[in-house]
Amino acid sequence: MTTSRTQGAEAFHVGDGQCKGATDRTAGITARSGAGVSLPLPSSGLWRFRSRFLGDDRVTTAPAITMGEGDTPVVPLTRWGARHGLNRVYAKLDGANPTGSYKDRGMSVLVSVARSLGAAHLVEDSSGNAGAAAAAYAARAGMSCTVYAPAGAPAPKLRQIRAYGAELIAVPGPRSAVADAARNAGSVPGAYHVSHNDNPLFVVGNQSLGFELSETADALGCDGLPWHIVMPVGGGALFMGTAMALLGSSTDQKRKGTEPEVVGVPRLHAAQTTHCAPIAEAFGRGQSDPATVIRRPTVCGGIEIERPCRGTDILRAIAATGGSAVARDDADILKARDDLAMLEGIYAEPTSASALAALAHLAATGTIGRDDLVFVIVTGSGLKDPGPA
Ligand SMILES: Cc1ncc(COP(=O)(O)O)c(C=O)c1O
């Protein structure tokens, strides 16, 4: 079996969404259905992009395990924008996905392929949202699932994981200990490690965000001005999926006989917390690899990733689009969360609010102009992680 890892390593000029050093967890799992059959495209949701996804042919033929994820609402932030001197800010409400976060995009695709390959048991490590998505899609596919999560993760996230019938293993210690525990379990034959931080199939599903925003930007029009996407970045699976959709692959460009171009591509901005900012620190210093950082406790559990294995690709995508990486401190992020709720009625978790805090900074420093079109991704609902009052 050809793995996406081998294909991807040669194909993408901004990286392929995989993690260096990760091993293929499909080993020992054999294909049992779907090969060679092109399935119809639905009219809505991320599976309508099935034929456009880059990087893994298995996605074309896997029967979709779906709950209608993707095509999330886009709403103007008129009052929030006015406060920050921005006229054209829109929030993409990915907390409206079936399990309450953007993770459903990657997980629907990943679980669909795993199921079509014959996997019966999924293993995931997560700060909470990806674990909930893995557990939910496993339940829908009739598969069993084990989720490793930090013992200190928000209680509603842990409860949600259990509600879907998954086995929950709470791991004390740092987030990296959680990932190590899951990796070891995923090595058992027949178990499929669906880790969003390791598995390139998760990034494939996230390309849907880039495709959707590209359509929305077309519909709204940019008036010749730059357009921007601002989102939280931890491991960078969402960021890299979006970048791959918008920048395309080098093989695509070769097929068309053109050089890769970035005209019409938005500037991609990564938001982090100053408590754990390997990408923002590297960007600030002009480095091409993530900075070595010592993590401090943060309210943004979803982006508490000290060593993002896609870090170099993320920095490359930022450079390719003329974007940036910005870290704000937790107090700013909680203020952004409260402003978003009080000015616009949108309840985001602190991790997601980091993008609003970063956007406020980008507006204040003039990096984003008053009339530029801006999309800020509200990646998860505050219902699962309200954060401190
Ligand atoms: C709500 C939310 N937003 C953003 C992220 C960061 O996503 P990524 O690891 O793809 O950068 C996470 C990760 O857990 C999350 O839960």
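This is a predicted model, so every value here is computed, not measured.

Asks: Just to check I follow, could you spell out the overall build of the chain for this structure?
Replies: What the chain contains, in helices and strands, is 14 helices and ten strands. Sorting the 389 residues of the chain into buried and exposed places 57% on the buried side. For the chain, restricting intrachain contacts to residue pairs at least 6 apart in sequence, the fraction spanning at least 24 positions comes to 74%.

Asks: Got a minute to help me understand helix α13 (residues 330–344) in this structure?
Replies: An α-helix turns once per 3.6 residues; consequently, residues spaced three or four apart project the same way. End to end, α13 covers 21 Å across 15 residues, agreeing with the expected 21 Å (1.5 Å per residue, within 8%). On its buried face, α13 sits against α3 (78–83), β8 (267–273), β9 (324–328) and α14 (350–364).

Asks: What is the right way to look at the site of the ligand in this model?
Replies: What surrounds the ligand is a group of 19 residues, the closest being G234, G235, G302, T379 and G380. Elements that contribute at least two residues to the shell around the ligand include exactly α5 (129–141), α9 (237–247) and α14. Among the elements that make up the shell around the ligand, the one with the highest residue count is α9 (three residues).

Asks: Would you explain the pairing of β8 in this entry?
Replies: The side chains of a regular strand alternate, first on one face of the sheet and then on the other. Burial analysis of β8 places seven of its seven residues in the buried class, the great majority of the element. Covered by surrounding structure in β8 are R267, H269, A271 and T273 together with L268, A270 and Q272, the residues of both alternating faces. Pairing between strand β7 (residues 227–232) and β8: five bridges, direction parallel. Counterpart to M231 in the pairing with β8 is A270.

Asks: What is the right way to read the packing of helix α11 (residues 278–285) against helix α12 (residues 311–321) from this model?
Replies: Helix-helix packing is characterised by the crossing angle of the two axes and by the distance between the axes. Contact geometry for α11 and α12: axes closest at 10 Å, N-to-C directions at 50°. Judged by the angle between their axes, α11 and α12 are oblique. When you trace α11 past α12, the crossing you get is right-handed. In this structure, α11 contributes P278, I279, A282 and F283 to the contact, and α12 contributes G311, I314, L315 and I318. A breakdown of the residues in the contact of α11 with α12 according to their chemical character gives seven nonpolar, one polar and no charged.

Asks: Is there a simple way to think about the environment of D56 in this case?
Replies: Position of D56 among the secondary structure elements: in the loop between α1 (4–11) and α2 (58–61). C-alpha of D56 to C-alpha of V113: the two residues are 57 residues apart in sequence and 9.8 Å apart in space.

Each value, and the rule that gives it
- Residues numbered from 1 in each chain as written.
- Predicted model: local features only at pLDDT ≥ 70, side-chain atom pairs only at ≥ 80, totals over all residues.
- Helix = DSSP H or I, 4+ residues; strand = E, 2+ residues; numbered from the N terminus.
- Buried ≥ 20, exposed ≤ 12 C-beta atoms within 10 Å, placed from the backbone.
- Contact = placed C-beta atoms within 7 Å.
- Expected span 1.5 Å × (residues − 1).
- Near = placed C-beta within 6 Å.
- Pairing = 2+ DSSP bridges.
- Axes fitted to C-alpha atoms, helices over the stretch in contact; angles between N-to-C directions.
- Parallel < 35°, antiparallel > 145°, perpendicular 65-115°, else oblique.
- Left-handed = near helix turned anticlockwise from the far one by under 90°.
- Nonpolar A, V, L, I, M, F, W, Y, C, P; charged D, E, K, R; others polar.

From the geometry alone we can't say anything about function, so treat these as descriptive.
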